[in-house]
Amino acid sequence: MPQAPLSASIEAFIARWEAAGGSERANYQLFLGELCGLLELPQPELAHEDTRDNAYVFERRVTFRRGDGSVSAGFIDLYRRGAFVLEAKKLRKADGRGFDDAMLRARGQAEQYARALPAAEGRPPFIVVVDVGNAIELYAEFSRSGATYTPFPDQRSHRIRLGDLRNEALRQRLKHSGSIRSRSIRPAARAIFFT
């Protein structure tokens, strides 16, 4: 069976997800799976009981260790070791100050997850924040120390709206942020992947 041209696939994806109105929990895994297909990225893998085996999974378990000695569990919406921590939301309002604030809170939550990962895994270079069916934001911290993640590639263009997926360069930026697998990212490689 012949495949639809890429432009038709992109338009179908945009139309389908612009119309989606369900909750984050109901739709985020399906949205991300379809986005991976659109970007020609591998699909997330099956999760295992031992988190050391969970290199690319939904609902990756992490343990938060508090200063008082207490611990609590958290779950990363989508995690790819050496690449990213992704936090998904489904916000009611798609623009304005309230939207921006909600996306920043989601970024903060993702940063906490990144810092809660076992030290042996290192910190991922990217944080991805997704408002299902609306927008994707990229943040980077290439030292991999867990310092503050900053808008990537800059404050003006770190947010990719669903309709922006028509732009090949933006699709490639997303694709490469999802497929980085190295322990270090040289500046020359960043320039190639993210311009």
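The structure presented is a predicted model; accordingly, all values stated were derived computationally and were not measured. (Residues numbered from 1 in each chain as written. Predicted model: local features only at pLDDT ≥ 70, side-chain atom pairs only at ≥ 80, totals over all residues. Heavy atoms only, no water.)

Q: Residues and numbers for the overall build of the protein, please.
A: Per the secondary structure count, the protein includes 5 helices and 7 strands. For the protein, the succession of helices and strands along the chain, N to C, is α-α-β-β-β-α-β-β-β-β-α-α. Counting the 195 residues in the protein, one finds 47% classified as buried. Put simply, the protein shows about 10100 Å² of open surface, and 52% of that area lies on carbon and sulfur atoms. (Helix = DSSP H or I, 4+ residues; strand = E, 2+ residues; numbered from the N terminus. Buried < 20%, exposed > 50% of the residue type's maximum accessible area, 1.4 Å probe, protein only. Areas by Shrake-Rupley, 256 points an atom, 1.4 Å probe, with all protein chains shown as cover.)

Q: Give me the lowdown on the packing of helix α1 (residues 6–18) against helix α2 (residues 24–38), citing residues and values where you can.
A: Following both chains from N to C, one finds α1 and α2 inclined at 165°, their axes separated by 11 Å at the closest point. When the interaxial angle is binned, α1 and α2 end up roughly antiparallel. Where α1 crosses over α2, the handedness of that crossing is left-handed. On α2, the residues touching L6, S9, I10, F13, R16 and W17 of α1 are N27, L30, F31, E34, L35 and L38. In the contact of α1 with α2, the residues fall into 8 nonpolar, 2 polar and 2 charged. (Axes fitted to C-alpha atoms, helices over the stretch in contact; angles between N-to-C directions. Parallel < 35°, antiparallel > 145°, perpendicular 65-115°, else oblique. Left-handed = near helix turned anticlockwise from the far one by under 90°. Contact = heavy atoms within 4.5 Å. Nonpolar A, V, L, I, M, F, W, Y, C, P; charged D, E, K, R; others polar.)

Q: Tell me about the confidence of the model for the protein, and please be specific about residues and values.
A: For the protein, the mean per-residue pLDDT works out to 86, and 88% of the residues sit at or above 70. When pLDDT is averaged over each helix and strand of the protein, the minimum, 36, is found for helix α5 (residues 187–194) and the maximum, 96, for strand β6 (residues 150–151). Predicted confidence is poor over residues 182–195, with pLDDT under 50, and the contacts of this stretch with residues over four places away or in other chains come to 23 contacts. (pLDDT = per-residue confidence, 0-100.)

Q: Lay out the environment of A106 in plain terms, naming residues and giving numbers.
A: Tracing the backbone through its elements, the reader meets A106 in helix α3 (residues 96–116). A sequence separation of 18 residues divides A106 from A88, and the C-alpha atoms of the two residues are 7.7 Å apart. Every residue in contact with A106, bar those within four places of it in the chain, is listed here: E87, K89 and V129.

Q: Tell me about the pattern of salt bridges, and name the residues and values.
A: Inspection of every chain in the model, using the stated rule, returns 14 salt bridges. Between E87 and K89 there is a salt bridge, with its nearest N and O atoms 3.1 Å apart. With respect to class, E87 is no different from K89; both count as buried. The partner of D101 in a salt bridge is R97, with the nearest N and O atoms 3.5 Å apart. In this pair, D101 and R97 both sit in helix α3, 4 residues apart, roughly one turn of the helix. Among the residues examined, R97 registers a relative accessible area of 63% and is labelled exposed. Among the charged side chains, a salt-bridge network with shared partners connects R60, R81 and E121. (Salt bridge = Lys/Arg side-chain N within 4 Å of Asp/Glu carboxyl O.)

Q: Describe the side chain of D77, listing the residues and the values that go with them.
A: Relative to the helices and strands, D77 resides in strand β2 (residues 71–80). The buried charged residue D77 lacks any salt bridge partner; its closest oppositely charged side chain belongs to R25, at an N-O distance of 5.5 Å. At 2.7 Å, the side chain of D77 and the backbone nitrogen of A88 are in polar contact. For D77, the residues in contact, after removing those within four places along its chain, are E24, Y28, V57, F58, E59, L86, E87 and A88. (Lys, Arg positive; Asp, Glu negative; His and termini not counted. Polar contact = N/O pair within 3.5 Å; in protein donor to acceptor, adjacent residues only side chain to side chain.)

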